[in-house]
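Fold and geometry: a report
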Amino acid sequence: DADSSFDNLELVGAGLGRKLAVLRVASDRTDSNLLTVVAGLKNKTGHILEIEVQTIYKDKSSTPLSAGTGSWIPIKLKPHESTDYRSVALSSDAVDFLVRVRMASAT
């Protein structure tokens, strides 16, 4: 069974690991040498799960590009639905990354 023990992925907030499975985290380079990231996520509940996902790209000295303030992307997962979250760095300086997942904030 999938869990959240990936070095490049952080679940933000208590209890999210009981609701969300992390199926995979992978990265590659595009033809233009930009780092691209894919995270497979699955709703483990019988309810709609609204989450937000953020990717922080880092340079070779592990310094976050964009001051560590990447955009949070909303994702709505149907009961037991899986999806692939994808992100591409804006700079070829990106050599590492951290994907962060949190529950969507109530509006």
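In what follows, the structure referred to is the one given above.
Residues numbered from 1 in each chain as written. Predicted model: local features only at pLDDT ≥ 70, side-chain atom pairs only at ≥ 80, totals over all residues. Heavy atoms only, no water.

1. A look at the nonpolar core
Ranked by size, the top nonpolar core spans 21 residues in total, and within it Leu 20, Ile 51, Val 53, Val 99 and Val 101 carry the most contacts. Secondary structure elements with two or more residues in this core: β2 (20–29), β3 (35–43), β4 (49–58), β5 (73–77) and β7 (96–103). Discounting chain neighbours no more than four positions away, the residues touching Ile 51 are Leu 16, Leu 20, Leu 41, Ile 73, Pro 74, Ile 75, Leu 77, Val 101, Arg 102, Met 103 and Ala 104. (Core = buried A, V, L, I, M, F, W, Y, C linked by side-chain atoms within 4.5 Å. Buried < 20%, exposed > 50% of the residue type's maximum accessible area, 1.4 Å probe, protein only. Helix = DSSP H or I, 4+ residues; strand = E, 2+ residues; numbered from the N terminus. Contact = heavy atoms within 4.5 Å.)

2. Thoughts on the side chain of Asn 43
Checked against the element boundaries, Asn 43 lands in strand β3. Note on Asn 43: relative accessible area 0%, which makes it buried. Within the structure, Asn 43 has its side chain in polar contact with the backbone oxygen of His 47 (distance 2.7 Å). Ignoring any residue separated from it by four or fewer positions in sequence, one finds Asn 43 in contact with Lys 19, Leu 20, Ile 48, Leu 49, Leu 77, Lys 78, Pro 79, His 80 and Glu 81. (Polar contact = N/O pair within 3.5 Å; in protein donor to acceptor, adjacent residues only side chain to side chain.)

3. Comments concerning unusual backbone geometry
Unlike most non-glycine residues, Ser 62 shows phi in positive territory, near 65°. For Ser 62, a relative accessible area of 45% corresponds to the partly exposed category. Here the phi dihedral of His 80 falls at roughly 60°; this positive angle occurs in a residue that is not glycine. Along the chain, His 80 falls in the loop between β5 and β6 (82–88). Overall, the relative accessible area of 49% leaves His 80 in the partly exposed class.

4. Points about the sheet that holds β4
One open sheet accounts for four strands, arranged β1-β7-β4-β5; its pairing is mixed. Both outer strands of the open sheet, β1 (9–12) and β5, are each paired with one neighbouring strand and no more. Strand-to-strand twist across the sheet, computed as the mean angle between neighbouring axes with direction ignored, equals 25°. (Pairing = 2+ DSSP bridges. Axes fitted to C-alpha atoms, helices over the stretch in contact; angles between N-to-C directions.)

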